[in-house]
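Per-entry structural report
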Amino acid sequence: MAPVFAHGRLRLYLLKLLDEAPRHGYEVIRLLEERFQGLYAPSAGTVYPRLAKLEAEGLVTHTTEGGRKVYSITDAGRAELAGRGGELADLELEIRESVSELAAEIRADVRGAAGDLRDDVRRATHEARNGSANAGVESWQQAKEELKRAKQEWKEQARRAKDESRRAREDAQQARRQAKEAQERAREQVQRVKQQVRDQFGSWEGLVDLTKETARPTEPPTWAEDTPSTDNPARDLDRLLDRFRDDIRDAARDYGVTESQLREARCHLSTAAAHIGLILRTKG
């Protein structure tokens with residue numbers, strides 16, 4: 001029989017089970033048996049050494065409750081599990097294939113047993129014809145019942161294997177969808193960062209364009225040079241801002257403001273504020 005888990009895959013599936021909830025070793029064995037619908041159950045000698053190795057690597061830890069070790073996944077274990085999302089999806093598909101293979105072997109065994117039972121029925125019929133009627137009929141009835149039970153068991157195993165295969169396929173598809181969504185979110189985040197960088201550089205470029213712009217017909221104000229400096233730069237900056245606001249307010253009162261002028265003024269104010277803020281946030 002082919003191995004249920006390829007090399008290293010049982011380790012990954014143990015991390016998946018512990019990521020769902022803390023569990024003791026016996027519960028891990030029982031869950032594996034349930035995932036395979038009773039077609040496969042690992043031994044304690046298979047599960048416990050691997051749990052001990054995962055703990056030695058810092059991927060799981062344990063506490064003792066009622067004399068039993070209860071294992072929990074660590075942050076390092078979750079990081080490894082997250083980094084192997086695609087491999088985990090492949091593992092779900094491998095489990096489905098393993099369940100199908102086990103179910104096929106069971107069907108072959110049932111067919112073989114059914115063949116043996118048919119031979120028993122033939123022998124019982126032969127005995128009945130040769131005079132051992134009572135014994136032959138009893139053997140025939142017994143063989144018929146065993147054949148019926150075997151067929152029923154095969155049908156039940158086949159149904160459970162089919163259900164498990166379907167669930168494994170759905171889990172694998174969901175894992176692939178989640179991995180794809182995570183990649184999309186990462187790409188969107190990168191695009192947002194790029195856009196923020198472009199916006200920032202766009203503001204600086206706008207400031208450069210502003211400084212290169214030809215002068216207006218009116219003379220530029222001289223209050224920036226005329227405002228005396230003191231030994232308090234913060235207070236001097238407040239005074240400059242007050243003079244700037246008064247100068248703009250006087251121009252708006254004297255000449256009026258149109259919608260297009262407001263839009264252009266807003267753009268220049270935003271650019272100037274970005275540049276001055278950058279200067280102030282840079283350590284001199």
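Data block above holds the structure.
Thresholds, definitions, all that
Residues numbered from 1 in each chain as written. Predicted model: local features only at pLDDT ≥ 70, side-chain atom pairs only at ≥ 80, totals over all residues. Heavy atoms only, no water. Helix = DSSP H or I, 4+ residues; strand = E, 2+ residues; numbered from the N terminus. Buried < 20%, exposed > 50% of the residue type's maximum accessible area, 1.4 Å probe, protein only. Polar contact = N/O pair within 3.5 Å; in protein donor to acceptor, adjacent residues only side chain to side chain. Axes fitted to C-alpha atoms, helices over the stretch in contact; angles between N-to-C directions. Left-handed = near helix turned anticlockwise from the far one by under 90°. Contact = heavy atoms within 4.5 Å. Nonpolar A, V, L, I, M, F, W, Y, C, P; charged D, E, K, R; others polar. Pairing = 2+ DSSP bridges. Parallel < 35°, antiparallel > 145°, perpendicular 65-115°, else oblique. Core = buried A, V, L, I, M, F, W, Y, C linked by side-chain atoms within 4.5 Å. Expected span 1.5 Å × (residues − 1). Salt bridge = Lys/Arg side-chain N within 4 Å of Asp/Glu carboxyl O.

Considering the side chain of Arg23
- By secondary structure assignment, the location of Arg23 is in strand S1 (residues 23-24).
- The exposure class assigned to Arg23 is buried, which follows from its relative accessible area of 9%.
- Among the polar contacts made by the side chain of Arg23, one reaches the side chain of Glu27 at a distance of 3.4 Å.

What to know about the packing of helix H1 (residues 9-20) against helix H4 (residues 75-83)
- At a minimum axis separation of 10 Å, H1 and H4 run at an interaxial angle of 120°. For the crossing formed where H1 meets H4, the hand is left-handed. Contacts between H1 and H4 pair Arg11, Leu12, Leu15, Lys16 and Asp19 from the former with Gly77, Arg78, Glu80 and Leu81 from the latter.
- Grouping the amino acids of the contact of H1 with H4 by side-chain chemistry returns 3 nonpolar, 1 polar and 5 charged.

Thoughts on the sheet that holds S1
- Across the sheet, which stays open at both edges, the 3 strands sit in the order S1-S3-S2 with antiparallel pairing between neighbours. Because the sheet does not close on itself, it has two edges, and the strands there are S1 and strand S2 (60-65).
- Pairing of S1 with strand S3 (residues 68-73) involves 2 bridges; the strand directions are antiparallel. Of the residues in S3, the one forming a bridge with His24 is Val70.
- Of the strands in this sheet, S1, S2 and S3 touch H1, which is tilted by about 95° from S3.
- Across the sheet, helix H3 (residues 44-56) touches S2 and S3, and the angle it forms with S2 is around 115°.

Here's the deal with the packing of helix H2 (residues 25-35) against H3
- Viewed as axis vectors pointing N to C, H2 and H3 meet at an angle of 125°, and their least axial separation amounts to 10 Å. Relative to H3, the element H2 is oriented oblique. Seen along the crossing, H2 lies across H3 with a hand that is right-handed. Residues Gly25, Tyr26, Val28, Ile29 and Leu32 of H2 lie in contact with H3, whose contacting residues are Ala44, Val47, Tyr48 and Leu51.
- Grouping the amino acids of the contact of H2 with H3 by side-chain chemistry returns 8 nonpolar, 1 polar and no charged.

Observations concerning the nonpolar core
- Ranked by internal contacts, the top residues of the largest apolar core, which has 23 residues, are Leu14, Leu15, Leu18, Val28, Leu32 and Val47.
- When contributions to this core are tallied by element, the ones reaching two or more residues are H1, H2, H3, S3 and helix H5 (85-129).
- Among the elements that make up this core, the one with the highest residue count is H1 (7 residues).
- The residues contacting Leu18, other than those within four sequence positions of it, are Arg23, Val28, Leu51, Val60, Tyr71 and Ile73.

Remarks on helix H8 (residues 233-255)
- The end-to-end C-alpha distance of H8, which contains 23 residues, comes to 33 Å, matching closely the 33 Å that a straight helix rising 1.5 Å per residue would cover.
- A side-chain oxygen of the first residue of H8 lies 3.3 Å from the backbone nitrogen of Ala234; this N-cap is Asn232.
- In the segment just after H8, Gly256 is the residue with positive phi, at about 80°.

With respect to the pattern of salt bridges
- Inspection of the entire model under this criterion finds 14 salt bridges.
- Glu20 is the partner of Arg23 in a salt bridge, and the nearest nitrogen-oxygen pair spans 2.9 Å.
- Look at Glu20 and you get partly exposed, because its relative accessible area is 38%.
- The partner of Glu87 in a salt bridge is Arg84, with the nearest N and O atoms 2.8 Å apart.
- You can call Glu87 partly exposed: its relative accessible area is 27%.
- Looking at Arg84, the relative accessible area reads 18%, which means it is buried.

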